[in-house]
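Given next are the chains, with one letter for each unit.
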Amino acid sequence: MLNRVDIAEQLNLQRPNLFREAAYIAGEWLPAIGQGIAVRDPFDNSVLGFVPSLDITHTRAAIDKAHEVQKEWAARTAKERSRILKRWFDLVVANADDLAKILTAEQGKPIAEAKGEVLGNAGYLEWFSEEAKRIEGDVLPGSSANQRIVVLKQPIGVCAAITPWNFPNGMITRKAGPALAAGCTIILKPAAQTPFSAIALAVLAEEAGVPKGAFSVITGNARPIGEEFCDNPKVAKITFTGSTAVGRWLMSRAGNSIKRLSLELGGNSPFILFEDANIDRAVKGVMDSKFRNSGQTCVCANRIFVQESVAETFIEKMREAVGSLCLGRGTVSDVTQGPLIDENAVIKVEQHVSDALEKGARLICGGKRSLLGGTFYEPTGVTTRK
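Calculation criteria
- Residues numbered from 1 in each chain as written.
- Predicted model: local features only at pLDDT ≥ 70, side-chain atom pairs only at ≥ 80, totals over all residues.
- Heavy atoms only, no water.
- Helix = DSSP H or I, 4+ residues; strand = E, 2+ residues; numbered from the N terminus.
- Rg over C-alpha atoms; globule rule 2.2 N^0.38 Å.
- Buried < 20%, exposed > 50% of the residue type's maximum accessible area, 1.4 Å probe, protein only.
- Contact = heavy atoms within 4.5 Å.
- Phe/Tyr/Trp six-rings, centres within 6.5 Å; stacked < 30°, edge-to-face > 60°.
- Patch = residues over 30% accessible without salt bridge, like charges linked within 9 Å, V, L, I, M, F, W, Y side chains within 5 Å.
- Areas by Shrake-Rupley, 256 points an atom, 1.4 Å probe, with all protein chains shown as cover.
- Salt bridge = Lys/Arg side-chain N within 4 Å of Asp/Glu carboxyl O.
- Polar contact = N/O pair within 3.5 Å; in protein donor to acceptor, adjacent residues only side chain to side chain.
- Core = buried A, V, L, I, M, F, W, Y, C linked by side-chain atoms within 4.5 Å.
- Pairing = 2+ DSSP bridges.
- Lys, Arg positive; Asp, Glu negative; His and termini not counted.

### A look at the overall build of the protein chain
- For the protein chain, the count of helices and strands is 12 helices and 15 strands.
- Here the C-alpha radius of gyration of the protein chain, 23 Å, is about what a compact globule of 386 residues would show, namely 21 Å.
- For the protein chain, with 386 residues in total, the buried portion stands at 46%.
- At a minimum sequence separation of 6, the contacts of the protein chain that also span at least 24 residues come to 70%.

Structural data, given as structure tokens:
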């Protein structure tokens, strides 16, 4: 296995220290000892590196430190919290190329798409750095002439965040930004497939001045870490982006201690095209929605309804657009479609296509694994139109 320096050189990182085989717990870096959890490049299944497999003891240590630090963090002025978040934003932007390379290496999406994710979602840090200064209360009229009701907004405390592998950078900044701006602290459990993006962000957060323990990144078995998030009384809120099944489990488990929850679960989105629409723009919209990140997004179109009078025109234009996609390693400049994240994802796509064909659909294009091998699957379209 290549060591960290070799991997950083292979990725051509300007700042090799952004790639760390470690977790960041309570302000301390815990390196992967032995092999830990292997993180693989979905392009060829090669091992990029390892992160530590941490347990409930480490989770509790992170929660305890976050609970301790939260009071001091909340006591800082909004202007100071704002300044630190803005510095974090500036560091993310300055290191966007390296962050994109790390993201593509562990997730597979094309480098231009990865950099778009990094820069676009860095905006959450910038936005909430300003919103930190605008957390205002209200003075309301009371029920009698000599009463006024004062409403104050206060941080809820320690937040636990669980993020997915499809947008491993963006899902973090959109959760950490508002939490830290409000005066909360946050513990992050990134997806096992894509922890290095989270760890790189932690390096920059530390540089920006986020207090030790206010932002932790824990790697390990998701189930016991999630259970500790749900059961520990020091955790006030859980935010999760991922599957409906896991979201349902978190809601049930966290309900025992009546924690606040923010759940962003599986989408179910129709794309509807009427005959008076601009067909070329509609095709571009479908391509941007359905084929971005190799279709691995929670907001992509699940099905497309097209008015009969323009159906054939639309199908032909879609066939041409899908056929123009270029599969390959995300770092190659003309590649527009990377691999699926793992073998399970390929099997799921095969099952969807097979189910559609068995129920009478016909292929427009694709429909099988790519000759590139690995977890590549041909961009595919099916229609129920005969």
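### Some details on the packing of aromatic side chains
- Tallied over the entire structure, the rule returns 4 aromatic pairs.
- When the centroid spacing of 5.8 Å and the interplanar angle of 85° are considered together, the rings of Phe43 and Phe376 count as edge-to-face. In this pair, Phe43 is assigned in the loop between β3 (37-40) and β4 (47-51) and Phe376 in the loop between β14 (362-365) and β15 (381-383), connecting sequence segments 333 residues apart.
- Judged by its relative accessible area of 28%, Phe43 is partly exposed.

### Examining a nonpolar patch on the surface
- The grouping of Val139, Val150 and Leu152 at the surface amounts to a nonpolar patch, some 330 Å² of accessible area in total.
- Of note, Val139 is situated in strand β5 (residues 138-141).
- Judged by relative accessible area, which is 58%, Val139 ranks as exposed.

### Points about helix α8 (residues 222-231)
- When α8 is considered as a whole, its buried residues turn out to be Ile225, Gly226, Glu228, Phe229 and Cys230.
- On its buried face, α8 is in contact with α2 (56-75), β7 (158-162), β8 (185-189), β10 (235-241) and α9 (244-254).
- In this structure Asn221 caps α8, since a side-chain oxygen of it lies 3.1 Å from the backbone nitrogen of Arg223.

### Considering the nonpolar core
- Trp88, Val92 and Phe215 are the most contacted members of the largest nonpolar core, which totals 54 residues.
- With 10 residues, the top contributor of residues to this core is helix α7 (residues 195-208).
- In terms of nonpolar packing, the next biggest core, distinct from the first, is built from 20 residues, Leu54, Ala62, Ile218 and Leu250 among them.

### Observations regarding the pattern of salt bridges
- Under the defined criterion, the tally for this structure stands at 28 salt bridges.
- Glu130 is the salt-bridge partner of Lys133, the closest N and O atoms lying 3.3 Å from each other.
- The residue Glu308 makes a salt bridge to Arg385 at a minimum N-O spacing of 2.4 Å. Here Glu308, found in the loop between β13 (301-306) and α11 (311-323), pairs with Arg385, found in the segment after β15; they are 77 residues apart in sequence, far enough to count as distant.
- A relative accessible area of 23% means that Arg385 is categorised as partly exposed.
- Each of the salt bridges in this network shares a partner with another, and the network as a whole consists of Glu130, Glu131, Lys133 and Arg134.

### Digging into the pairing of strand β1 (residues 22-25)
- The alternating pattern of β1 places Ala22 and Tyr24 on one face and Ala23 and Ile25 on the opposite face, and all of these are buried.
- As judged from the 4 bridges shared by β1 and strand β2 (residues 28-31), these two strands associate in the antiparallel manner. Considered in β2, the bridge of Ile25 is made with Glu28.
- Adjacent in sequence and paired antiparallel, β1 and β2 are bridged by 2 residues, among which Ala26 carries a positive phi angle near 55°.

### A few points about the environment of Gly338
- Here Gly338 lies in the loop between α11 and α12 (343-358).
- Among the residues examined, Gly338 registers a relative accessible area of 6% and is labelled buried.
- Non-local contacts of Gly338, meaning those with residues more than four positions away in its chain, are made with Gly108, Pro110, Ser294, Gly328 and Phe376.

### Side note on the side chain of Arg81
- Turning to its location among the elements, Arg81 is positioned in helix α3 (residues 78-94).
- Notably, Arg81 is buried but unbridged: the nearest opposite-charge side chain belongs to Glu80, and the N-O separation is 8.0 Å.
- In contact with Arg81, other than residues within four places in its own chain, are Trp73, Ala74, Arg76, Leu180, Ala181, Ala182 and Gly183.

Treat this as a map of the structure, not an account of what it does.
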